[in-house]
Amino acid sequence: MTPADPAVDSLHVSSETAPLRQVVVHTPGEEMALVSPANAEDLLFDDILFLEEAREEHAMLVRLFEAVVGRGDAVLQVTDLLRETFDLPDARTAFVESLTERMPYRNFEAYEEELKALDGPALLRFAVTGQAPFPVSAQPIPNLLFTRDLSAVVGGHVLVSHAATAARAPESVIMQTIYRHHPRFAGLDDRIIELPADVSFEGGDLLVVSERVVMIGQSERTSLGGVMAVARQLLDRTSVEHVVMVNLPKERYCMHLDTVFTFADEDTCVVFPPIIEEAYDHAFVIEALDGEAHDLRLRPYRTVRDALEDVTGRRFTFVPCGGSDPVRQRREQWTDGANLFALRPGLVVGYDRNRRTYDALRAEGFHVVDAESFLDFYGDAAASSSDRIAVRLSGNELSRGRGGPRCMTMPLVRGA
């Protein structure tokens, strides 16, 4: 079992763009090969991914992280964390009991004893693929690829997501089990925030603007109750003072806030204009009334920009996903043009196919380069470079899953 590095806090994120130190990902595997036309809709997929090519594309993303961060444990695979967690009998028992409680409609209790009797590797395979040596009814979880939605680290606390859909419910149980039982997170119990069972919240809807400000989308996947529950916990338990809530259309094309809004550096954001710049009266700031988090107030704003600039005291540059053409904006938003991931301020990665978005970044002073060339030219020097760089990652297969680089990454630690 890989121990935690004692030189690095196990959890700390106070900015979307502070230098990346450690991130959790999931390279797609056997579970993705179990998606078929018969079950794709139930599993929230619009298309069938070519697994081998998707794995190659994801491996390049991992190479980028490892080169820039320059640490042996820069990238953690969620299945490795779960495998190590399942080395502990108590963790296996807790997982089965939580899964049974979370998904009563699956009737797991009929095989509860058999599931508890599985060894670590067998239980891991069941958790990810739904496959077991007895006829228990379970589905694979191909959405594990999008680790961003499993939890969100804010400051030194972590919010465990409460998935909105049955297809993703096991993922919430997986992260809860890892945080509660993996030795890497020992001693963090008082910093784990779990939400009420009657709300939904997924990590793609939360962006950390600064130590004092976060943004949360009220979306297809995060309910209003989820937004309020998260806001109340953050205002009460962390240094957050303002929560900017953005009311999104409840549609698949913008299922999370990060599908229409991400940060390229502290003051530069890539946005989908029809929702972020051309829609009005859908932004609110949530704050604790008289310093008491149980009593909240909502202040309405005409635009997202107005709300964000008011609570931060900063001016922001909004770069349009897809450029200025409305058709291109919609095409490239569909293929995650607004879903960029920052490895440090001014160093972002997105999908190569979103060319007009890259043109817009180039106009803002970003040097645009493909992933292979970036690794050859910059390598580990990119972390200390001050150049503004937008890296193009080949994502023809990964983009079929309807999630970009930010969706596929869950930072645990950011900072100098």
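These remarks concern the structure in this document. These numbers were taken from a predicted model, which means no experiment stands behind them. (Residues numbered from 1 in each chain as written. Predicted model: local features only at pLDDT ≥ 70, side-chain atom pairs only at ≥ 80, totals over all residues. Heavy atoms only, no water.)

### Things to note about the packing of aromatic side chains
Tallied over the entire structure, the rule returns nine aromatic pairs. Judged by centre distance (6.3 Å) and plane angle (70°), the rings of F263 and F316 are edge-to-face. Of this pair, F263 sits in strand β9 (residues 261–265) while F316 sits in the loop between α10 (304–312) and β13 (317–320), and the two are 53 residues apart along the sequence. F316 carries the same exposure label as F263, and that label is buried. Among the aromatic residues, ring-to-ring pairing joins F261, F263, F316 and F318 into one connected group. In this arrangement the basic side chain of R302 is found over the ring face of Y280, its NZ or CZ atom lying 4.2 Å from the centre. Note that R305 overlies the ring of F318, its terminal NZ or CZ placed 4.1 Å from the centroid. (Phe/Tyr/Trp six-rings, centres within 6.5 Å; stacked < 30°, edge-to-face > 60°. Helix = DSSP H or I, 4+ residues; strand = E, 2+ residues; numbered from the N terminus. Buried < 20%, exposed > 50% of the residue type's maximum accessible area, 1.4 Å probe, protein only. Lys NZ or Arg CZ within 6 Å of the ring centre and 35° of its normal.)

### A word on the sheet that holds strand β8 (residues 242–247)
Taken in spatial order, the five strands make up an open sheet running β6-β7-β8-β11-β12, and their pairing is mixed. Every interior strand has two partners, whereas the edge strands, β6 (206–208) and β12 (292–301), have only one. Pairwise comparison of adjacent strand axes, ignoring direction, gives a mean angle of 25° for this sheet. As paired strands, β6 and strand β7 (residues 213–218) are joined by three bridges and run antiparallel to one another. Opposite L207, over in β7, you have M215 as the bridge partner. Strand contacts of helix α8 (residues 224–237): β6, β7, β8, β11 (283–289) and β12, with the helix running at about 120° to β12, the strand carrying the most contacts. Running over the sheet, α10 touches β7, β8, β11 and β12 and is turned about 130° from β12. (Pairing = 2+ DSSP bridges. Axes fitted to C-alpha atoms, helices over the stretch in contact; angles between N-to-C directions. Contact = heavy atoms within 4.5 Å.)

### Digging into the pairing of strand β14 (residues 341–344)
Relative to strand β15 (residues 347–351), β14 runs antiparallel, the two being bridged by three bridges. Paired with R344 across the strands is L347, a residue of β15. Linking β14 to β15, which pair antiparallel, is a turn of two residues; within it G346 sits at a positive phi near 85°.

### Focus: the packing of helix α4 (residues 89–102) against helix α7 (residues 169–181)
Where α4 contacts α7, the axes come no closer than 10 Å and their chain directions differ by 150°. The angle between α4 and α7 places the two elements in the roughly antiparallel class. Judged by the sense of rotation from one axis to the other, the crossing of α4 with α7 is right-handed. Side by side, α4 and α7 meet where D90, A91, A94, F95, S98, L99 and R102 of the first sit next to A169, P170, V173, I174, Q176, T177 and H181 of the second. Among the residues making up the contact of α4 with α7, the classes are represented as eight nonpolar, four polar and two charged. (Parallel < 35°, antiparallel > 145°, perpendicular 65-115°, else oblique. Left-handed = near helix turned anticlockwise from the far one by under 90°. Nonpolar A, V, L, I, M, F, W, Y, C, P; charged D, E, K, R; others polar.)

In short, the description is geometric, and any link to function would need to be established separately.
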